[in-house]
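In case you want the letters, here they are:
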Amino acid sequence: MKLSGIIDHITYQNEDNGFVVARLCVKTGSKITITGQIPALKVGEQVELEGEYEQHKQHGSQFVVKEFQFLEPEEVWAIQKYLESGLIKGIGKELALRIVNVFKEKTLEVIDLDPTRLLGVEGIGKKRIELIAKYWQEQKEIRHVMLFLAKHNISQTYAQKIFRMYGNRTIEILEDNPYLLAKDIFGIGFLKADEIAKNFGILKNDAKRIQAGIEFVLLEKMTQGHTCFPNVLLIEEVKEKLDVDGALVEEALQVLLDAHSLIEKRGFVFSKNLFFAEIGILERVVAICVEKSFLRAFDAKKALFWAEEQLSFNFAQNQKKAIEAAFSNKMLIITGGPGTGKTTIVNAMLKVFEKLTRHICLAAPTGKAAKRLSYLTRKRATTIHSLLEWDFKKKGFKRNQAHPLKCDVLIVDEASMIDTSLLFGLLLAVKSSTIVIFVGDVDQLPSVGPGNCLKDLIASERVAVICLDKIFRQAKKSMIITNAHRVNSGIFPNLIPKEDGDFFFIEKEDPEEIQKEIIELPERLYQKYGFDPSVDVQILSPMKRGGLGTENLNQLLQQHFQKEKRAYLDFGNRRFFEKDKVIQMRNNYDLNVFNGEVGIIEEVEAHLKELVINFDGKKVLYESKDMLDLSLAYAVSIHKYQGSEAPCVVIPVHMSHFMLLNRNLIYTGMTRAKKMLVLIGTKKALAVAIKNDEVKQRYTGLLDLLRESVDAIV
């Protein structure tokens, strides 16, 4: 049996498999409930359906769709309904009526072939025509691709990303090599691409599959922080994951090496980008350390004495050593935990350097870290990405060797967070005459991205390093700081709370009781201390999965905080409400939003699939294509939150996190709290974490490169 009509309303739609429940308006005006898999379906579409009626026990008569095809609406009422649907951005209900009143049955032909004729419609100008033409063409082209991809079980969201990447060549490219999806489309990994490839008839031992598998495993290692991986271990892991013979893996690896897609050195396999990034870091470190500064010479000891007078502060011995080192070295690393006086040192250096030059840059890896640096120094500080100025057309930084920063002194805070690619980009943009000072805490977790740059620079002994270990008297009053240092030294923290203290331990053994405490605690903190539950309180968890992982806690906290009937938008299997707290999961240079930035959803436009998110005063419009990189942030992993701070931090510490419990992780989480820290869990889990001081090894090439360099840097 066949039916044709206009989709009047979509009751339910699963974007992953294309299943819909919708209302079809037929020519007579009656509406029929239809169900079935119709990917990319939108309100206003004209469709021809083949299927049969079935009687549902609960919902009554339904037309179950077996086959379908999209039609272009021909009659005026159908065309008007189609344009009213919001499918073509720039045309709303009133404008749709005005357009069809002018062009009648020829409306779609005009929009398709001669959109400039729309100027004859009241309320339409040149800009509106450009917008209409753009979205009309995009919808026309994308539908064919969407249907093709839907047959291979790819959701609409990913299909749109694929289409934006490959355009009209999508089908041609994917039929040739579907494994390109794993490389080019964030969120589509090798496993999904492998599934698609099987549908195309690609066999298990196909060379394309094995080569893609090698790149997939190497990419996995990069997401774990490695810049390279041992050849032998790589081959073994690919062999197991792809279930193929080791000889075939070796052969495929050699093809990739011969094509220079990958690089092998000293028994380690590198991606091309990271290999040359590490080489570039070495070259820039050597060049900066060797070349003299353009600043006039001065007496370091006199400058130190003058800075003490200016700040009305007597520096400790180690602080004096750090400040003098900044005046006598082209590159310096200052590392120390909270309360060890790093900020005082930076302010002293700035006092002196400001007498010598106006060209001083302050930067940090994240927006929050940059704001904190600016607040503490009372000077302008930016993110490293902003400092280097992203070029949207070239997809790279504008600042480089050809266009270096106008900077005689560069001070970078939270340096432990800088990954290999970012450090290379930064050093590439710095003139060799620039004094470069990295400030950070080497005992924090390493960068989220590949590399262990700060630790490698320190271990190489090629760059001047000052380690601060003395906690100053004022900082000793904070139990957050004293307990963080105890944990970092392998000593169990003092859990006895002080009156008006800033550190609390709530002992709970049952995971469900811990969940309940986490859900209820933000409101109690607001009542007693005035902390805003969504802005000031941050839940940090050691892991993503499990009852006390970020994924489950986010669902529970969202349900708790979203009791009011606020506007929302469904995106795949996720739902975003107005006032939800969200986090960006990777750099989006087009939006100027970076990995780890936390914001609040201020506006939800469900019919347009758009969100407006406020990132600490910066309002950003998100379209559906951008939402893949968005997650709830009521609870965030400790690793993802490094470089950021919150007035109040709450951390569950439980044996269910056993695999991830270590000193480095707990220490990093504790030092994210500015005014209050609450640990909830068991003393046993806390003791296990403190005892475990084994930091997971990261394979990098930078340390060996620095040690092997022939130039005497320091």
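Rules used throughout
- Residue positions are given per chain, counting from 1 as you read along its sequence in written order.
- Only residues with pLDDT of at least 70 are given local features in this predicted model, and only at 80 or more are side-chain atom pairs given and counted; all residues enter the totals for whole chains, interfaces and linings.
- In computing side-chain values, all of the structure's heavy atoms are included and hydrogens and water are not.
- Helix numbering and strand numbering both begin at the N terminus, where a helix is a DSSP run of H or I of at least 4 residues and a strand a DSSP run of E of at least 2.
- Radius of gyration here is computed from C-alpha atoms only, and the compact-globule reference equals 2.2 Å multiplied by the residue count raised to the power 0.38.
- To sort residues, take the accessible area from a 1.4 Å probe on protein chains only and compare it with the maximum for the residue type: under 20% means buried, over 50% means exposed, and anything in between is partly exposed.
- We call two residues contacting when some pair of their heavy atoms lies within 4.5 Å.
- Note that accessible areas follow from Shrake-Rupley with a 1.4 Å probe, and for residues the cover is restricted to the protein chains shown.
- The start and end points of each domain follow an automatic or database-based domain assignment.
- Computed with a 1.4 Å rolling probe, the buried area is the accessible surface lost when two parts are put together, summed over both parts.
- Salt bridges are defined as contacts in which a side-chain nitrogen from Lys or Arg sits within 4 Å of a carboxyl oxygen from Asp or Glu.
- Any N or O atom pair separated by 3.5 Å or less is treated as a polar contact, with the protein-specific requirement of one donor-capable and one acceptor-capable atom, and with residues adjacent in sequence counted only for side-chain atom pairs.
- Each residue gets one label: Ala, Val, Leu, Ile, Met, Phe, Trp, Tyr, Cys and Pro are nonpolar, Asp, Glu, Lys and Arg are charged, and the others, such as Gly, are polar.
- Paired strands, as defined in this entry, are two strands with at least two bridges between them according to DSSP.
- What counts as an axis is a line fitted to C-alpha atoms, over the stretch in contact for a helix, and the angles between N-to-C directions run from 0 to 180 degrees.
- With the strands aimed away from the viewer, a crossover counts as right-handed if its path from the first strand over the helix to the second runs clockwise.
- Nonpolar cores are built from buried Ala, Val, Leu, Ile, Met, Phe, Trp, Tyr and Cys residues. Side-chain atoms within 4.5 Å join them into one set.
- Two rings from Phe, Tyr or Trp (for Trp, the six-membered ring) form a pair when their centres sit within 6.5 Å of each other. Planes less than 30 degrees apart are called stacked, planes more than 60 degrees apart edge-to-face, and all others tilted.
- Should an angle fall under 35 degrees it is called roughly parallel, over 145 degrees roughly antiparallel, and 65 to 115 degrees roughly perpendicular, with every other angle called oblique.

Visitor: Got a minute to help me understand the overall build of the chain in this structure?
Guide: Secondary structure assignment for the chain yields 27 helices and 28 strands. Here the C-alpha atoms of the chain give a radius of gyration of 29 Å, agreeing with the 27 Å that 2.2 N^0.38 yields for 714 residues. Along the longest, intermediate and shortest principal axes, the C-alpha atoms of the chain span 90 × 65 × 60 Å. Among the 714 residues that make up the chain, the fraction classed as buried is 54%. Long-range contacts, defined as pairs at least 24 residues apart, comprise 66% of the intrachain contacts of the chain with a sequence gap of at least 6. In the structure as shown, the chain presents an accessible area of about 34,300 Å², 49% of it carried by carbon and sulfur atoms.

Visitor: Got a minute to help me understand the domain arrangement of the chain in this structure?
Guide: It is common to give the size of an interface as the accessible area that goes away when the parts come together. Taken domain by domain, the chain comprises domain 1 (2-147), domain 2 (156-269), domain 3 (275-471) and domain 4 (491-692). Taken over C-alpha atoms, the centre of domain 2 sits 34 Å from the centre of domain 4. Counting residues at the interface gives 6 residues for domain 2, matched by 6 residues for domain 4. Summing both partners gives a buried area of about 620 Å² for domain 2 against domain 4, and 65% of it is carried by carbon and sulfur. At the boundary of domain 2 with domain 4, the tally comes to 0 salt bridges. Taken together, the connections running from domain 2 to domain 4 amount to 0 residue pairs in polar contact (both at pLDDT 80 or more). The residue makeup of the side of domain 2 that touches domain 4, split by class, is 2 nonpolar, 2 polar and 2 charged.

Visitor: What am I meant to see in the environment of H144 here?
Guide: By the secondary structure assignment, H144 is in helix α4 (residues 126-150). When the C-alpha atoms of H144 and A606 are compared, they prove to be 25 Å apart, with 462 residues separating the residues in sequence.

Visitor: Looking at this structure, I do not really get the sheet that holds strand β28 (residues 673-681). What am I missing?
Guide: Strand pairing in a sheet is mediated by backbone hydrogen bonds. Such pairs are either parallel or antiparallel. With parallel pairing, 5 strands are arranged side by side in an open sheet as β17-β28-β27-β18-β26. Each edge of the open sheet carries a strand with a single partner, namely β17 (503-507) and β26 (635-637). Across the sheet, the mean angle separating the axes of adjacent strands is 25 degrees when strand polarity is ignored. Against the sheet, helix α22 (residues 511-529) contacts β17, β18 (537-541), β27 (646-653) and β28, and its axis sits at roughly 150 degrees relative to β28. Seen against the sheet, helix α25 (residues 663-670) touches β17, β18, β27 and β28 and runs at an angle of roughly 150 degrees to β27.

Visitor: Can you walk me through the pairing of β27 in this structure?
Guide: For a regular strand, the rule is simple: side chains alternate between the two faces of the sheet. Most of β27 is tucked away, with 8 of its 8 residues classed as buried. Bridge count between β27 and β28: 7 bridges; the pairing is parallel. Bridge assignment links A646 to a residue of β28, and that residue is A673. Handedness of the β27-α25-β28 crossover: right-handed.

Visitor: Looking at this model, I keep getting lost on the sheet that holds strand β8 (residues 268-271). Mind explaining?
Guide: The 3 strands are arranged β6-β8-β7 in an open sheet whose pairing can be described as antiparallel. Both edges of this open sheet fall to β6 (228-230) and β7 (262-265), since each of them pairs with a single strand only. Each strand axis lies, on average, 30 degrees off the axis of its neighbour in the sheet, ignoring direction. Looking at chain direction, β7 and β8 are connected through 4 bridges and run antiparallel. Bridged to I263 within β8 is F270.

Visitor: What is the right way to read the nonpolar core from this model?
Guide: What tends to happen in soluble globular proteins is that the nonpolar side chains get buried as a cluster. Core analysis: the biggest nonpolar cluster contains 47 residues, and L149, I162, L174, L181, I214 and L262 have the highest contact counts within it. The element best represented in this core is helix α9 (residues 207-223), accounting for 7 residues. Not counting residues up to four positions away in its chain, the partners in contact with L181 are I154, I162, Y166, L174, I188, A193 and I196. The next biggest cluster of nonpolar side chains, apart from the first, holds 36 residues, and it includes I518, I519, L630 and I680.

Visitor: Sorry, what's going on with the packing of aromatic side chains here?
Guide: Inspection of every chain in the model, using the stated rule, returns 19 aromatic pairs. Seen from their ring centres, Y53 and F63 are 5.2 Å apart, and the 75 degrees between their planes marks the pair as edge-to-face. Of the two residues, Y53 is situated in strand β4 (residues 46-56) and F63 in strand β5 (residues 60-71); the sequence distance between them amounts to 10 residues. Given the relative accessible area of 0%, F63 is considered buried.

Visitor: What is the right way to read unusual backbone geometry from this model?
Guide: Of note in this structure, H260 is not a glycine but carries a positive phi near 60 degrees. Inspection of the secondary structure puts H260 in the loop between α11 (246-258) and β7. Exposure remark for H260: the relative accessible area of 53% places this residue in the exposed category. Even without being a glycine, D616 presents a positive backbone phi close to 55 degrees.

Visitor: What exactly am I supposed to notice about the packing of helix α13 (residues 300-311) against helix α15 (residues 342-353) here?
Guide: One can describe the packing of α13 onto α15 by two numbers: an axis separation of 9 Å at closest approach and a directional angle of 110 degrees. It follows from the interaxial angle that α13 and α15 lie roughly perpendicular. The segment α13 lies against α15, with A303, W306, A307, Q310 and L311 engaging T344, N347, A348, K351 and V352. Taken together, the residues of the contact of α13 with α15 break down into 6 nonpolar, 3 polar and 1 charged.

Visitor: Explain the side chain of T33 here, please?
Guide: Its location among the elements puts T33 in strand β3 (residues 31-37). By relative accessible area, T33 is classed as buried at 18%. Among the polar contacts made by the side chain of T33, one reaches the side chain of R23 at a distance of 2.9 Å. If sequence neighbours within four positions are ignored, T33 has contacts with V21, A22, R23, S61, Q62 and F63.

Visitor: Which parts of the structure should I look at to understand the environment of K89?
Guide: Mapping K89 onto the fold places it in the loop between α1 (76-84) and α2 (93-103). Separated by 47 residues in sequence, K89 and W136 have C-alpha atoms that sit 8.3 Å apart. In contact with K89, other than residues within four places in its own chain, are L131, I132, Y135, L608, E610 and E623.

Visitor: What is the right way to look at helix α21 (residues 479-488) in this model?
Guide: The α-helix advances 3.6 residues per turn, and as a result positions three or four apart in sequence lie on the same side. For α21, the tally of buried residues reaches 7 of 10 residues, placing the bulk of the element in the interior. The set of residues buried in α21 consists of M479, I480, I481, N483, A484, H485 and V487. At the N-terminal boundary of α21, the capping side chain belongs to S478, with an oxygen 3.2 Å from the backbone nitrogen of I480.

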